[in-house]
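Each chain is listed here by its residues.
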Amino acid sequence: MLERIEARLREGALHIHDILAAEGFRTYFAGGAVRDLLLNRRFNEIDIATAAPPDVVERLFPRTVGVGREFGVVVAVVGGTSYEIATFRAESGYTDGRHPEHVRFTHARQDALRRDFTVNALFLDPVTGKVIDYTNGRKDLDRGLIRTVRDPLLTFGEDKLRVLRAIRFACQLGFRIDGPTYDGVTRYAYRLSQISRERIRDELLKILCGPAPARGLSLLSDSGVLEEVLPEVFDMHGVMQPPAFHPEGDVFQHTRLMFSLGGNLSPALALAVLLHDVGKPGTFAFGERIRFDGHAELGARMAGDICRRLKLSGARIQRVVGLVKDHLRFMHVQQMRESTLRRFLRTEGFEEHLELHRLDCLASHGDLSNYDFCREKLSELDREALAPPPLINGHDLIALGLKPGPLFSEILKQAEDLQLEGILTARDDALSWVRKTHGT
């Protein structure tokens, strides 16, 4: 079974096991790596569980980082790969809703019983190949079931983030959530406000960027989690759309359908899918038909606020906001001036803009003519055609006798427009145009 693990990852983990075992400490591979190995899924990290206390681990391995030493967790770097080594422990007193107040080192069985879900509580002895299962985790793997190790209310009461983790594992593994466990998810959804926004963000992105984001969105909504952490998205429920353009139903169903058409999305694209119509509830109007005038602009502002609340990086916020703000521009691409179109096509991350538009169309009217038009244009134009070296610059304008100021950027933009449209093709043409239009 171990031969299925990538060689470098496997050898480093075995090296750690052998050193600790030679010192007389029982040591196992633990958690997600064991689960994924049994499911024949790929993984890129192996966690180690051991009877060795942290000070011994730090003594035996020259390169370590005490990332959670107070919880018995040390990261050792072996062969350029990091391995989390955790001492068998029991925990109590989760007063902050996330971290234990008291930790005591113990044995493997108690360590398994402190874990969140049975499928994550498995150990593997890498020497014998024996799976150590104190919680019927293998049976739950066979049944495709996410089930808490202990009473769900106790499990979620200790660590509220496990509410999101239950949904995430169900989506990543294609498993169903055990009935009492799901009841615990719904009971503790409203307590997620106790968790840091960074932790919530990370779990949400793992759900929305995973293989089953549509199912994830449904579970988040049905369980009450969405209303707690992203009320603006929950408000899309019941917001009807014009049937001629959106036969699929309300805004939330449209968004869910987009996710069903594309999995394993980038973080920016996943958030853009989630938020591209978040401005519709606030712009809903009914006249000759249902309208959402200005929803892209309002949505972009709301998306920025949501992304900042989730503590995303400035660059990622800018990308998501741009995707939301520009998602309606595709309606007009076939009528755009050539210069306007080429500027749009060279937008940073334009492939994500295109994919957002494709999913938007497929989840509504199904018309991909504007998508195909952009694809055809991109195939015709190389990078230099989209962003050619400028024919003139500010120094040229000064040489022509113009005074530096706001007019410079306007002149240079107009010159680039004419260049992109093939009207100006050489530097002398551009200089002559400036003399003629600006009297120099």
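For the structure itself, consult the block above.
So, here's what we can say about the structure. (Residues numbered from 1 in each chain as written. Predicted model: local features only at pLDDT ≥ 70, side-chain atom pairs only at ≥ 80, totals over all residues. Heavy atoms only, no water.)

**Considerations on the overall build of the protein**
Item 1. The helix and strand tally for the protein stands at 24 helices and 13 strands.
Item 2. Computed over the C-alpha atoms, the radius of gyration of the protein is 28 Å, more than 25% above the 22 Å expected from 2.2 N^0.38 for a compact globule of 440 residues.
Item 3. Principal-axis analysis of the C-alpha atoms gives the protein an extent of 90 × 55 × 40 Å.
Item 4. Out of the 440 residues in the protein, the part that is buried amounts to 51%.
Item 5. Considering only contacts in the protein between residues 6 or more positions apart, those separated by 24 or more positions represent 64%.
Item 6. Side-chain charges of the protein comprise 59 positive and 61 negative groups, with the mean position of each set lying 3 Å from the other. (Helix = DSSP H or I, 4+ residues; strand = E, 2+ residues; numbered from the N terminus. Rg over C-alpha atoms; globule rule 2.2 N^0.38 Å. Buried < 20%, exposed > 50% of the residue type's maximum accessible area, 1.4 Å probe, protein only. Contact = heavy atoms within 4.5 Å. Lys, Arg positive; Asp, Glu negative; His and termini not counted. Charge placed at Lys NZ, Arg CZ, Asp CG, Glu CD.)

**Observations concerning the pattern of salt bridges**
Item 1. By the definition in use, this model includes 30 salt bridges.
Item 2. Residue Arg 143 pairs with Asp 140 through a salt bridge whose shortest N-O separation is 2.4 Å. In this pair, Arg 143 and Asp 140 are both assigned in helix α5 (residues 137-143), 3 residues apart and thus about one turn of the helix distant.
Item 3. For Arg 143, a relative accessible area of 40% gives the class partly exposed.
Item 4. For Asp 396, the salt bridge identified is with Arg 427, shortest N-O distance 2.9 Å. A residue pair is termed long-range when its members are at least 10 positions apart, and Asp 396 in helix α22 (residues 394-399) and Arg 427 in helix α24 (residues 427-438) qualify at 31 residues.
Item 5. Residue class for Arg 427 comes out partly exposed when judged on its relative accessible area of 41%. (Salt bridge = Lys/Arg side-chain N within 4 Å of Asp/Glu carboxyl O.)

**Focus: the nonpolar core**
Item 1. Of all hydrophobic cores here, the largest spans 95 residues; its most connected members are Ile 46 and Leu 275.
Item 2. In contact with Leu 275, other than residues within four places in its own chain, are Val 233, Ala 303, Ile 306, Cys 307, Val 320 and Val 324.
Item 3. The next biggest cluster of nonpolar side chains, apart from the first, holds 14 residues, and it includes Leu 400, Ile 411, Leu 431 and Trp 433. (Core = buried A, V, L, I, M, F, W, Y, C linked by side-chain atoms within 4.5 Å.)

**Focus on the side chain of Thr 283**
Item 1. If you trace the backbone, Thr 283 turns up in helix α15 (residues 280-283).
Item 2. With residues up to four places along the chain from it excluded, the contact list for Thr 283 reads Arg 291, Phe 292, Asp 293, Gly 294, His 295 and Leu 298.

**Details of the environment of Ala 426**
Item 1. Its location among the elements puts Ala 426 in the loop between α23 (406-420) and α24.
Item 2. Placed 34 residues apart in sequence, Ala 426 and Ile 392 show a C-alpha to C-alpha distance of 9.3 Å.

**What to know about the sheet that holds strand β4 (residues 73-78)**
Within a sheet, adjacent strands bond to each other through the backbone by hydrogen bonds, running parallel or antiparallel.
Item 1. Judged by pairing direction, the sheet is mixed, and its 7 strands sit side by side in the order β3-β4-β5-β2-β1-β8-β9 without closing on themselves. Of all the strands in the sheet, just β3 (64-68) and β9 (131-132) have a single pairing partner and so form its edges.
Item 2. Taken together, the 3 bridges between strand β2 (residues 47-50) and strand β5 (residues 81-87) define a ladder with parallel strand orientation. Residue pairing for β5: Thr 50 is matched across the bridge by Thr 87.
Item 3. Contacting β1 (27-30), β2, β4 and β5, helix α1 (residues 7-22) runs over the sheet at an angle of about 35 degrees to β5. (Pairing = 2+ DSSP bridges. Axes fitted to C-alpha atoms, helices over the stretch in contact; angles between N-to-C directions.)

**A closer look at the side chain of Arg 342**
Item 1. One can find Arg 342 in helix α18 (residues 338-345).
Item 2. The exposure class of Arg 342 is buried, given its relative accessible area of 15%.

**Considering unusual backbone geometry**
Item 1. In this structure, Asn 136 is a non-glycine residue whose phi angle is positive, near 60 degrees.
Item 2. One non-glycine residue, Asn 264, lies in positive phi territory at about 55 degrees.
Item 3. Tracing the chain through its elements places Asn 264 in the loop between α13 (251-260) and α14 (267-275).
Item 4. Classification of Asn 264 as exposed rests on a relative accessible area of 58%.

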